[in-house]
2 protein chains.
Amino acid sequence: MQTRFYTLTDYPKGLPKRDLFKLTTQTLPELAEGEVRIRNRWLSVDPYMRGRMSGIRTYVEPFEIGKPMEGGAIGEVIASRDARLKEGDIVNHMGGWRDIAQLPAEGVTPLPDIDVPEQAYLGVLGMPGMTAWTGLNVIAECKPGDNVLVSAASGAVGSLAVQLARAKGCHVVGIAGAAHKLAWLESLGVEPVSYRNRDADELGDAIHLASPNGIDVYFENVGGDCLEAALSQLNEGARIAVCGMIDSYNAEQPTPGPRNLVQLVMRKAKMQGFIVTDHWDHYPEFLKEVAPQVAEGKLTYKETVKEGLESTPDAFLALFEGGNIGKMLVKLSP
Amino acid sequence: MQTRFYTLTDYPKGLPKRDLFKLTTQTLPELAEGEVRIRNRWLSVDPYMRGRMSGIRTYVEPFEIGKPMEGGAIGEVIASRDARLKEGDIVNHMGGWRDIAQLPAEGVTPLPDIDVPEQAYLGVLGMPGMTAWTGLNVIAECKPGDNVLVSAASGAVGSLAVQLARAKGCHVVGIAGAAHKLAWLESLGVEPVSYRNRDADELGDAIHLASPNGIDVYFENVGGDCLEAALSQLNEGARIAVCGMIDSYNAEQPTPGPRNLVQLVMRKAKMQGFIVTDHWDHYPEFLKEVAPQVAEGKLTYKETVKEGLESTPDAFLALFEGGNIGKMLVKLSP
């Protein structure tokens, strides 16, 4: 049986060029004891993957040049030499960026029995959802009544963060760009603020209008002007959960940080970076709280779906150009 | 009786000009019930006072134009209409920047009975010492064996922070400028690193040489290149206690922040601003721990002393030019 997978031909500088991603076909070896073979149905592309393309160990190992790339994926087991998994199981695993994955069974998890579409486990009930929940609850210690600000608020992580904060009874402001994203945020009970055609000072003023009582919690996905604007509006004791800074991921030169970082002292504020995998022991708690709300439609989510394995690099690159609303996914035909 | 005090004639932009500080003489009114009159012996000047010269409420009220400036001071009660205080008491209070203070007794504290020079309560056993202790223990959660970095390490706060960390069994690196400051740090068992003639990258390399196992705790007094260099050396789970950012206090234009703030995510690090007054309930604990060590000479401190009330503005301004080793004080003649 053959597998088709993407490799990197080199580590990019700046925004990766499309031709760095090479589609390769290989014949799979016999299935070894303890392995499973999976036909992927859904592939995830996520901003954090840019960090694995730098050739430098950050909090995950870099992708190896010429080796299959990796990422979250949902597929169907088509062969198994592991007692725990059987043909026909629908599973979640890290063998993405390919059509057929063959890998040790220990990193492969059958989907829970909850009435949601299977690809939800790559988004609202998967890593991005868990990231929103962790950043809001564990890192930013969000409480009912807090004034909450979320950047990239219509993205996979941000759109759950705003809804979880609303469900807690918070006043929530969401930063986004395109009009249809702002409209979606408004429909979720979020005060939408556009970053477009605004410098950091103007963005700060717009946040102030949307949240006249300041900001207690900032869920940071973007960095750059969003961070500077947020810092200008902090209340005393504010907490900033730093999930990511997508603004800087493709910068060819290091970009200057916010000019008002001293606000951390003035406001006695905390700013903390986190990686969701460190908090995965909370996943059952997260699932118990969030899954029923997703199943009942109380928590909404959106997907931006590209079709076919060949669209995976474009789907990934679109993340850096605001090309997604909600979770960006690649759907593979059976 | 007359009092001589300093007032601000205007709010400065950038480094305050000397002639913004005006010495005024006034006749004091009769002592009211509940008031005390104090002949000051020692005045404190501290970097945070620059923040009170901005005309903007930060975490303390701004100085009022034309009104007596304020600051920590040690003096002798020369008249009292409060039952708690009597003539001859040596007291700590906020009526600095003047020779004779007359003020309500409630903010006036007699010095504890510990065998240390009275001016120690403006430095190592006062606000700066308590700041070092709080930042290290409460905010940065410093543990034995941590690799600790302190900027402005030979200053009033930094020089206690490095010694407290050494006493915990930490590996400690201290950033300073002048050779005699670096030599003092070395004599305290601290790895000294000079910031002079180094950009942020070079300073990061120097810190790496001095602390090859990275940085777990950074005690931040400076900002600017020191912060960028520190961020480049963080270990996973590092904690940054942000006490101040003296680099920016006199900036006429906002200065850009560190270009590598995303390291907070990469290293899952926490950066937290704090104001020592919020933690003053720990003062007895601090005093119990630190005072005996100061009395026994186990904790060293230095003072830079200017003579006479008229030297107070210069003493203050010298803080921003590296003009002090240890605590900057003004000594008043009796």
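These figures come from a predicted structure and were not determined experimentally.

A. Representation of helix α4 (residues 200–210) of chain B. Residues and elements named next belong to chain B. Taken together, the buried positions of α4 are occupied by A200, L203, G204, A206, I207 and A210. The arc enclosing the buried residues of α4, seen along the axis, measures out at 160 degrees, which places them on a common side. Structural note: α4 exposes D205 and L209 on the side pointing more than 90 degrees away from its buried face. The inward-facing, buried residues of α4 contact β8 (147–150), β9 (171–176), β10 (191–194), β11 (215–220) and α5 (224–231). The backbone nitrogen of D201 lies 3.1 Å from a side-chain oxygen of the residue at the head of α4, namely D199.

B. Structural detail: the packing of helix α4 (residues 200–210) of chain A against helix α5 (residues 224–231) of chain A. Residue and element names in this part refer to chain A. At a minimum axis distance of 8 Å, the contact between α4 and α5 shows a crossing angle of 50 degrees. Judged on the interaxial angle alone, α5 and α4 are oblique. Here α4 and α5 pass one another in a crossing that is right-handed. Along the contact surface, α4 presents A200, D201, L203, G204 and I207, while α5 presents D225, C226, E228, A229 and A230.

C. Main features of the interface of chain B and chain A. Each partner contributes residues to the interface: chain B has 30 residues there, and chain A has 30 residues. Together chain B and chain A conceal approximately 2600 Å² of surface at their shared face, both sides included; 68% is due to carbon and sulfur atoms. When the area that chain B buries against chain A is broken down by residue, the three leading residues are R259(B), V265(B) and K268(B), summing to 21%. At the junction of chain B and chain A, the tally comes to two salt bridges. With a closest N to O distance of 2.9 Å, D278(B) and K268(A) form a salt bridge. On inspection of chain B and its partner chain A, the count reaches eight residue pairs in polar contact (both at pLDDT 80 or more). Only α6 (246–249), α7 (263–266) and β13 (270–273) of chain B provide two or more residues apiece to the side of chain B that touches chain A. Per element, the largest residue contribution to the side of chain B that touches chain A is four residues, and it comes from β13(B). Here the residues of the side of chain B that touches chain A are counted per class, giving 18 nonpolar, seven polar and five charged. Note that strand β13 (residues 270–273) of chain A and β13(B) share three bridges and pair antiparallel. Pairing of K270(A) across the sheet is with Q272(B), part of β13(B).

D. Expanded view of the nonpolar core. If you look at the biggest cluster of nonpolar residues, it comprises 83 residues, and the most contacted ones within it are F21(A), I240(A), L261(A), M271(A), F316(A), L261(B) and M271(B). Residues contacting M271(A), with those up to four places away along its chain left out, are L227(A), I240(A), V242(A), M245(A), L261(A), L264(A), L261(B), L264(B), A269(B), K270(B) and M271(B).

E. Seen up close, the side chain of S151(B). Residue and element names in this part refer to chain B. If you trace the backbone, S151 turns up in the loop between β8 and α2 (158–167). In this structure S151 comes out as buried when scored by relative accessible area, which is 0%. At a separation of 3.2 Å, a polar atom in the side chain of S151 contacts the side chain of Y218.

F. Up close: the state of the cysteines. Residues and elements named next belong to chain B. For the coordinates displayed, the defined rule picks out zero disulfides over all chains. Sulfur of C170: no disulfide; nearest cysteine sulfur belongs to C142 and is 3.6 Å away. Judged by its relative accessible area of 2%, C170 is buried.

G. Broad picture of the side chain of D216(B). Residue and element names in this part refer to chain B. Mapping D216 onto the fold places it in strand β11. Of the side chains with opposite charge, R239 lies nearest to the buried D216, which makes no salt bridge, at 5.3 Å. Apart from residues no more than four positions distant in its own chain, D216 is found in contact with D146, N147, N235, A238 and R239.

H. Examining the domain arrangement of chain A more closely. Residue and element names in this part refer to chain A. Assigned domains within chain A: domain 1 (2–122 + 302–331) and domain 2 (127–277). Using only C-alpha atoms to locate each centre, domain 1 and domain 2 end up separated by 29 Å. Across the contact, 19 residues belong to domain 1 and 13 residues belong to domain 2. Roughly 1300 Å² of surface becomes buried between domain 1 and domain 2 when both sides are summed, with 67% attributable to carbon and sulfur atoms. Our count for the contact surface shared by domain 1 and domain 2 stands at zero salt bridges.

What counts and how
Residues numbered from 1 in each chain as written. Chains lettered and ligands numbered in written order. Predicted model: local features only at pLDDT ≥ 70, side-chain atom pairs only at ≥ 80, totals over all residues. Heavy atoms only, no water. Buried < 20%, exposed > 50% of the residue type's maximum accessible area, 1.4 Å probe, protein only. Helix = DSSP H or I, 4+ residues; strand = E, 2+ residues; numbered from the N terminus. Arc of directions from axis to C-beta. Contact = heavy atoms within 4.5 Å. Polar contact = N/O pair within 3.5 Å; in protein donor to acceptor, adjacent residues only side chain to side chain. Axes fitted to C-alpha atoms, helices over the stretch in contact; angles between N-to-C directions. Parallel < 35°, antiparallel > 145°, perpendicular 65-115°, else oblique. Left-handed = near helix turned anticlockwise from the far one by under 90°. Buried area = accessible area lost by both parts, 1.4 Å probe. Salt bridge = Lys/Arg side-chain N within 4 Å of Asp/Glu carboxyl O. Nonpolar A, V, L, I, M, F, W, Y, C, P; charged D, E, K, R; others polar. Pairing = 2+ DSSP bridges. Core = buried A, V, L, I, M, F, W, Y, C linked by side-chain atoms within 4.5 Å. Disulfide = S-S within 2.5 Å. Lys, Arg positive; Asp, Glu negative; His and termini not counted. Domains from an automatic or database assignment.

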